[in-house]
Amino acid sequence: MRVLFVGQTGVEKDQAIRNFAALVDRRRYRNRGIGLGRIGTYCVESEIKNIVQDFTSYLSCQNETIQRDNWRCAFQRILAQIRGARHQDIYLAMHLAFYRDSNFFSPVDWQLLRRFRPDAVVTLIDDIYDVWKRIEDRTASNPASASHFRLREIVAWRSAETLVADWLPLILRKPSLRNFVVAAKHPSEMLYRLLYEPAKLRVYASFPISKTRDSRSKRAEIDSFRRVLHRRFCVFDPLTIDEKILERLAKQQKRRRGIQVRISDRWAVGLRNQMCPVERRFYPIVVPREEVQEVTAAIGHHISERDYRLIRQANCVAVYRPYYGKSLHEGVSAEIKYATHTFPIPRFMVFPNRDGDPQRSPFHGHGVLCGSVRKLVDNLRRFEQNARRGR
């Protein structure tokens, strides 16, 4: 299996790959794969740093020929190392696009990249405030890097990286190649199922967030539903990205010049063995108010588009109580409509009696309504089994 891991700076691709490779090692090689060279991990930017004296100067040189020559040299070194090894699984990390001085550019030699022959592409993403903080800390420890990205630039870079990754099937002349967008806070197990267990059902988990966030009991109830799904299926979990809180905090902290994000403000992911867990040492994170204001409108659009994309990456949608408290939840309703009309895939919903009569609900006829989580899981299992049998 050859996997190309891409993503903007500030997303800890190396950590994610390291934790994922450790799981693959346990599952496939009984903890001997890495030591015996069965698993190989490489990073293009790390190899470039071995070639150039100053990586910051490399990024800022404004000479595409020099940038591409160094990229080509680094990639050729990696290909030579791969040829001399006996890897069965290869994970390669790189940027498809760079952003410097308000300019996007790419030094990638696409013809040379074609020689890597990836089986899958994974675009890793993370909360923009975590990405922002990592870059700020990196600059503080190395002022010569002179790297500061506003939140809106981080959002733009994430979009650009994803877009180029989506072009790779055409660029690399491999139509079957897929680019999966995956939040780095997902468990390594989720990515293992996605890449190594193609028969495993891919589920997008949909549930009320905004109206349940402030209730500990409601969060616990929803977290229980999430954990049940994660134990059995390959789950795209929207809570692995929680950026809407920036808008909420900006309204709460009207008199502050900097918006403070505490670790308790984020809905805890609550899943074990994440590729990149929340880094508690970062918090509280204080982001300039003007940066939050610049990105507030864009965040809402990005959340919707990202969640719709995750639905397109899934085989079905599993919804928890879409009529929670006998009221509509805007995000959940939009996701159900999207999975019903725009990108039709099966919908399974937990709809207990306390939420009203299912036959009279707004969601009657929009999917399979189940009275409990257990019944929903039973339906998902049957759907998975039928898919494996080709029904």
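Residues numbered from 1 in each chain as written. Predicted model: local features only at pLDDT ≥ 70, side-chain atom pairs only at ≥ 80, totals over all residues. Heavy atoms only, no water.

Undergrad: How do you make sense of the overall build of the protein when you look at a structure like this?
TA: From N to C terminus, the protein includes 13 helices and 14 strands. The globule rule puts the C-alpha radius of gyration for 391 residues at 21 Å, and the 22 Å found for the protein is close to it. Its C-alpha atoms give the protein principal-axis dimensions of roughly 70 × 60 × 35 Å. Looking at the protein residue by residue over its 391 residues, the buried ones come to 54%. Partitioning the intrachain contacts of the protein with sequence separation of at least 6 by distance along the chain shows that 78% fall at a separation of at least 24. For the protein, the accessible area works out to roughly 18,400 Å², and carbon and sulfur atoms hold 46% of it. (Helix = DSSP H or I, 4+ residues; strand = E, 2+ residues; numbered from the N terminus. Rg over C-alpha atoms; globule rule 2.2 N^0.38 Å. Buried < 20%, exposed > 50% of the residue type's maximum accessible area, 1.4 Å probe, protein only. Contact = heavy atoms within 4.5 Å. Areas by Shrake-Rupley, 256 points an atom, 1.4 Å probe, with all protein chains shown as cover.)

Undergrad: Even after reading the chapter, I still don't get unusual backbone geometry, so can you show me in this structure?
TA: Peptide bonds are mostly trans, and most non-glycine residues show a negative phi. The step from Tyr-283 to Pro-284 runs through a cis peptide bond, and the omega angle for that step is 0 degrees. Here Pro-284 lies in the loop between β10 (258–261) and β11 (285–288).

Undergrad: For this particular structure, what's the right way to read the packing of aromatic side chains?
TA: Aromatic rings in a pair are described by how distant their centres are and how their planes are angled relative to each other. Counting across every chain of the model gives 16 aromatic pairs. Ring centres of Phe-20 and Tyr-91 lie 5.3 Å apart, and the angle between their planes is 50 degrees; on these two criteria the pair is classed as tilted. Here the residue Phe-20 occupies a position in helix α1 (residues 13–29), and Tyr-91 occupies one in strand β3 (residues 89–94), the gap between them amounting to 71 residues. For the pair Phe-20 and Tyr-91, one class covers both residues: buried. For the ring pair Phe-98 and Phe-105, a centre distance of 5.6 Å and an interplane angle of 20 degrees mean the geometry is stacked. (Phe/Tyr/Trp six-rings, centres within 6.5 Å; stacked < 30°, edge-to-face > 60°.)

Undergrad: What am I meant to see in the sheet that holds β3 here?
TA: As a general point, the strands of a sheet are linked pairwise by backbone hydrogen bonds and lie either parallel or antiparallel. Strand order in the open sheet made by the 5 strands is β2-β3-β1-β6-β7, with parallel pairing throughout. The open sheet terminates on both sides in strands that have one partner only, identified here as β2 (39–43) and β7 (179–183). Strand-to-strand twist of the sheet, defined as the mean angle between neighbouring strand axes without regard to direction, takes the value 20 degrees. Two elements, strand β1 (residues 2–6) and β3, share 5 bridges in a ladder whose sense is parallel. Residue pairing across strands places Leu-4 opposite Leu-92, the latter belonging to β3. (Pairing = 2+ DSSP bridges. Axes fitted to C-alpha atoms, helices over the stretch in contact; angles between N-to-C directions.)

Undergrad: What is the right way to look at the side chain of Arg-100 in this model?
TA: Counting through the fold element by element, Arg-100 comes out in strand β4 (residues 98–100). One buried charged residue, Arg-100, forms no salt bridge at all, with the nearest opposite charge on Asp-101 at 4.7 Å. Only 3.0 Å separates the side chain of Arg-100 from the side chain of Ser-60, close enough to count as a polar contact. (Lys, Arg positive; Asp, Glu negative; His and termini not counted. Salt bridge = Lys/Arg side-chain N within 4 Å of Asp/Glu carboxyl O. Polar contact = N/O pair within 3.5 Å; in protein donor to acceptor, adjacent residues only side chain to side chain.)

Undergrad: Can you help me understand α1 in this one?
TA: Because an α-helix completes one turn every 3.6 residues, residues spaced three or four positions apart along the sequence face the same direction. Relative to the 24 Å expected for 17 residues at 1.5 Å per residue, α1 spans 22 Å between its end C-alpha atoms, a close match to the ideal helical length. Buried within α1 we find Lys-13, Ala-16, Ile-17, Phe-20, Ala-21, Leu-23, Val-24, Asp-25 and Tyr-29. On its buried side, α1 packs onto β1, β2, β3, β6 (120–125) and α8 (188–196). Once α1 ends, the next one or two residues include Arg-30, with phi positive near 55 degrees. (Expected span 1.5 Å × (residues − 1).)

Undergrad: Help me out: how do you make sense of helix α12 (residues 330–342) in this one?
TA: Between its first and last C-alpha, α12 extends 17 Å over 13 residues, near the 18 Å set by a 1.5 Å rise per residue. Those residues of α12 that fall on the buried side of the exposure criterion are Val-332, Ser-333, Glu-335, Ile-336, Tyr-338, Ala-339 and Thr-340. Among the structural elements, β8 (202–206), α11 (289–313), β12 (316–320) and β13 (347–350) are those in contact with the buried residues of α12.

Undergrad: Got a minute to help me understand the environment of Gln-88 in this structure?
TA: Take Gln-88: it is sitting in the loop between α4 (64–83) and β3. Spatially, the C-alpha atoms of Gln-88 and Arg-152 are 40 Å apart, while their sequence positions differ by 64 residues. With near-sequence residues (within four places) excluded, Gln-88 lies in contact with Met-1, Tyr-29 and Arg-38. Among the polar contacts listed, one links the side chain of Gln-88 to the side chain of Tyr-29, at a separation of 3.5 Å.

Undergrad: Would you take a moment to explain the packing of helix α6 (residues 128–141) against helix α7 (residues 151–171) for this structure?
TA: Two packed helices can be described by the angle between their axes and the distance between those axes. Contact geometry of α6 with α7 gives a least axis separation of 10 Å together with a crossing angle of 110 degrees. Of the possible angle classes, the one that applies to α6 and α7 is roughly perpendicular. Packed against α6, whose contacting residues are Ile-128, Tyr-129, Val-131, Trp-132 and Ile-135, the element α7 presents Leu-151, Ile-154, Val-155 and Arg-158 at the interface. Residues belonging to the contact of α6 with α7 are distributed by class as follows: 8 nonpolar, no polar and 1 charged. (Parallel < 35°, antiparallel > 145°, perpendicular 65-115°, else oblique. Nonpolar A, V, L, I, M, F, W, Y, C, P; charged D, E, K, R; others polar.)

Undergrad: I would appreciate a short explanation of the pairing of β10 in the present structure.
TA: When a strand is regular, its side chains alternate between the sheet's two faces. The side-chain alternation of β10 yields one buried face, formed by Ile-259 and Val-261, and one unburied face, formed by Gly-258 and Gln-260. Pairing between β10 and β11: 4 bridges, direction antiparallel. Each bridged residue has a counterpart across the sheet, and for Ile-259 the counterpart in β11 is Val-287.

Undergrad: Is there a simple way to think about the environment of Ala-74 in this case?
TA: Positionally, Ala-74 belongs in helix α4. Residue Ala-74 is classed as buried on the basis of its relative accessible area of 0%. When the C-alpha positions of Ala-74 and Val-373 are compared, they lie 51 Å apart, and in sequence the two are 299 residues distant.

Undergrad: Would you explain the packing of α11 against α12 in this entry?
TA: Close contact between α11 and α12 brings their axes to 10 Å; oriented N to C, the two are set at 40 degrees. Classed by the angle they form, the pair α11 and α12 counts as oblique. α12 is crossed by α11, and the crossing has right-handed handedness. Contacts from Asp-307, Tyr-308, Ile-311 and Arg-312 in α11 reach Ala-334, Glu-335, Tyr-338 and Ala-339 in α12. Tallied by class, the residues present in the contact of α11 with α12 amount to 5 nonpolar, no polar and 3 charged. (Left-handed = near helix turned anticlockwise from the far one by under 90°.)

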